[in-house]
Every structure is written in C-alpha cells, then in structure tokens.
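# A closer look at the structure
So you can see what is in the structure, the chains are spelled out below.
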Amino acid sequence: MNAIKEAVKILRKGGVVIYPTESSYALGCDATNLRAIRRIHKLKGRKSGKYFPIIVSDIKMAKRYYFVDKKIEKIANLGVTIVTKKRRLSKYIGGFRISKSAVARKLSKSLGKPIIATSANISGKKSMYKINEIRKVFSGKADVVLNAGNLPKRKPSTVYDYENKRILRKGPVSLRAIEKTLS
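Just so you know, the residues in each chain are numbered from 1, in the order the chain's sequence is written. In keeping with the model being predicted, local features are shown solely for residues with a pLDDT of at least 70 and side-chain atom pairs are shown and tallied solely at 80 or more, while totals for entire chains, interfaces and linings include all residues. To get the side-chain values, take all heavy atoms of the structure and skip hydrogens and water.

### Quick word on the overall build of the protein
Secondary structure elements follow DSSP: runs of H or I no shorter than four residues count as helices, runs of E no shorter than two count as strands, and numbering proceeds from the N terminus. Check the secondary structure of the protein and you find seven helices and 10 strands. Between the two quantities, the radius of gyration covers C-alpha atoms and the globule rule is 2.2 Å times the number of residues to the power 0.38. Its C-alpha atoms give the protein a radius of gyration of 15 Å, within 12% of the compact-globule value 16 Å for 183 residues. Relative accessibility decides the category of a residue: with a 1.4 Å probe and only protein chains considered, values under 20% of the type maximum give buried, values over 50% give exposed, and everything between is partly exposed. In the protein, which comprises 183 residues, the proportion classed as buried is 49%. By the convention used here, residues are in contact when the closest approach between their heavy atoms is within 4.5 Å. A separation of at least 24 residues holds for 61% of the contacts in the protein among residues at least 6 apart in sequence. Throughout, the Shrake-Rupley method with a 1.4 Å probe supplies accessible areas, and for residues the shown protein chains are the sole cover considered. Counting only carbon and sulfur atoms, one obtains 50% of the accessible surface of the protein, whose full area is about 9800 Å². Measuring between centres, the 44 positive side-chain charges of the protein sit 4 Å from its 11 negative side-chain charges. Counted charges follow a simple rule, with Lys and Arg positive, Asp and Glu negative, and His plus the chain ends left uncounted. By convention, charge coordinates are those of NZ in Lys, CZ in Arg, CG in Asp, or CD in Glu.

Rendered as structure tokens:
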C-alpha cells in the first residue's frame, strides 16, 4: 500500500492525515507529537481542554503507553475506546482503542506509535462519511487524505471508563457486552 507509506512519512514529519476508521473518517497525527496534536485542535476549532482518543496497532503497543492489565486486554479486542491510566502521553490524550479498521491499525503499526483518532469534522459538527465533504472542508488543511470512498454511517466507538466501570459515550458495544467479556 503506497498510500499508507506516504501517510506514514507525513506523520513522521509532524503532519496531519485523514483516514478511514470503522466508524467515520478521522483526523490523525503522531499521538506523541505535541505540535501535531495542537494542529489538529486548530483544524477542528476545538478547545484545548478536550481529550483526543488514539488508535494503537495492538495490545503490545497499548502497554507501552497505558497501564494494561489482563481485563483490559480482554475488552481491547471489542473495538471500544478504553479510558485508563496513561504512562507517558500528553494531557491532550484520552483513551485508546485497537481499531477494527485495517487501515487505521496499519498506519499505527507502520508509524510504530499511536495515532490520534478524532472524527474528521469541525468541533460541534457531525462526523463525515462522504469523501466530497472531507475534501470540501479540509482541502489544503490536512497533508493527505486516504480515500476509501464514501463510508457507511456508523456510531462512533463506545468509550469505556475502565477505572469507574462506566460508559462515557454510547456506541455499538454495550456495557453489558463489556461486563460479559470481563466475567
């Protein structure tokens, strides 16, 4: 995939990419690059106090950046965003997920680091699924767009607060499904 290689080169230089996830298009950058994270805040028109979720390629990568126990390992494969204690990420980073999107996982794996996974939209607006909308809003603002065509409309990922055992954002995976996996 030459597009992935090109996107990774851009990520390594502190660039911003738009890529498809299992739910919608996302704005992404190297989650360890504070300057790139600030650029995404600016692109979205988002206040800096809000956290960005990240995508990790696998559980091994998650363990480098978060405190991951056996229970977290179990629920990580559900595709939920897990909010738990971080090891060495900026204050702008929230939870992590192992994406169901092969493109998202490949970007993270090829970069060797987690990537920001915030919906490609202007803060307060709806997520974008159509490539024409993406180009219209972000043309000249993001460094590259990985075009997967129009995506089906899906709910954003479930966000699960592991420490407090509660759902922070309802998505396709229910609290009951998480609890069942943990039992």
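### What about a positive patch on the surface?
On the surface, Lys5, Lys9, Lys13, Lys106 and Lys109 cluster together to form a positively charged patch. Looking at where Lys109 falls in the secondary structure, it is placed in helix H5 (residues 102-111). What makes Lys109 exposed here is its relative accessible area of 59%. Residues enter a patch when their relative accessible area is above 30% and they make no salt bridge; the linking distance is 9 Å between like charges and 5 Å between nonpolar side chains (Val, Leu, Ile, Met, Phe, Trp, Tyr). In the sections that follow, a salt bridge refers to a side-chain nitrogen of Lys or Arg positioned within 4 Å of a carboxyl oxygen of Asp or Glu.

### Notes on the packing of helix H1 (residues 2-12) against H5
Each axis is a line fitted through C-alpha atoms, taken for helices only over the stretch in contact, and angles between the N-to-C directions span 0 to 180 degrees. As a packed pair, H1 and H5 sit with axes 9 Å apart at the nearest point and diverge in direction by 55°. Here H1 is positioned oblique relative to H5, judged by the angle of their axes. With respect to the hand of their crossing, H1 and H5 are arranged in right-handed fashion. From H1, Ile4, Ala7, Val8, Leu11 and Arg12 reach across to H5, where they touch Val103, Lys106, Leu107, Ser110 and Leu111. Comment on the angle field: the value is read as roughly parallel under 35 degrees, roughly antiparallel over 145, roughly perpendicular from 65 to 115, and oblique elsewhere. In a left-handed crossing the near helix is turned counterclockwise from the far helix by less than a right angle, and in a right-handed crossing that turn is clockwise.

### Here we look at the packing of aromatic side chains
Each pair of aromatic rings taken from Phe, Tyr and Trp, with Trp reduced to its six-membered ring, is defined by centres within 6.5 Å and is described as stacked if the planes are under 30 degrees apart, edge-to-face if over 60, and tilted in the remaining cases. This model, assessed by the stated rule, comprises one aromatic pair. Residues Tyr66 and Phe96 carry aromatic rings whose centres are separated by 4.8 Å and whose planes lie at 40° to one another, so their mutual orientation is tilted. You can see Tyr66 sitting in the loop between helix H3 (59-65) and helix H4 (70-76) and its partner Phe96 sitting in strand S5 (residues 93-98), a full 30 residues away along the chain. With a relative accessible area of 0%, Phe96 lands in the buried category. Only when the NZ atom of a Lys or the CZ atom of an Arg is both within 6 Å of the ring centre and within 35 degrees of the ring normal do we say a charge sits over the ring. Its guanidinium or amino end placed over the ring of Phe67, Arg87 lies 4.1 Å from that ring's centre, counting from NZ or CZ.

### Some points on the pairing of strand S3 (residues 52-56)
For a regular strand, side chains alternate in direction, first toward one face of the sheet and then toward the other. For S3, the tally of buried residues reaches five of five residues, placing the bulk of the element in the interior. Where burial is concerned, the two faces of S3 agree: the one with Phe52, Ile54 and Val56 and the one with Pro53 and Ile55 are both buried. Both S3 and S5 contribute to a ladder of four bridges, which runs parallel. Each bridged residue has a counterpart across the sheet, and for Phe52 the counterpart in S5 is Ile93. The pairing criterion for strands is at least two bridges between them, as found by DSSP. Pairing of S3 with strand S6 (residues 115-116), which is carried by two bridges, proceeds in the antiparallel orientation. Across the sheet, Ile55 pairs through a bridge with Ile115, a residue of S6.

### Regarding the side chain of Arg46
You can see Arg46 is positioned in the loop between helix H2 (34-44) and S3. For the buried Arg46, which has no salt bridge, the nearest side chain bearing the opposite charge is Glu22, at an N-O separation of 15 Å. We call two N or O atoms a polar contact when they sit within 3.5 Å, provided that within protein one can donate a hydrogen and the other can accept it, with sequence-adjacent residues counted only if both atoms are side-chain atoms. One polar contact links Arg46 to Thr118, side chain to side chain, over a distance of 3.3 Å. For Arg46, the residues in contact, after removing those within four places along its chain, are His41, Tyr51, Phe52, Thr118 and Ser123.

### Re the layout of surface pockets
In this model, the largest pocket occupies a volume close to 740 Å³. Counting residues per element, the ones that place at least two in the lining of the largest pocket are strand S2 (25-28), S3, strand S4 (81-83), S5, strand S7 (118-119) and strand S10 (166-169). Considering every element that reaches the lining of the largest pocket, the biggest residue donor is S5, with four residues. The residue inventory of the lining of the largest pocket, partitioned by class, reads 12 nonpolar, 14 polar and nine charged. Here a cavity denotes a set of grid points, spaced 1 Å apart and computed over the protein atoms alone, in which a 1.4 Å probe fits but from which it cannot get out, and a pocket denotes an open set meeting protein on both sides within 12 Å along at least five of seven lines; residues with an atom within 4 Å of a point are reported as lining. Grid points are joined across faces, edges and corners, and a volume is the space filled by probe spheres set on the points. Amino acids are sorted into nonpolar (Ala, Val, Leu, Ile, Met, Phe, Trp, Tyr, Cys and Pro), charged (Asp, Glu, Lys and Arg) and polar (every other residue, Gly among them).

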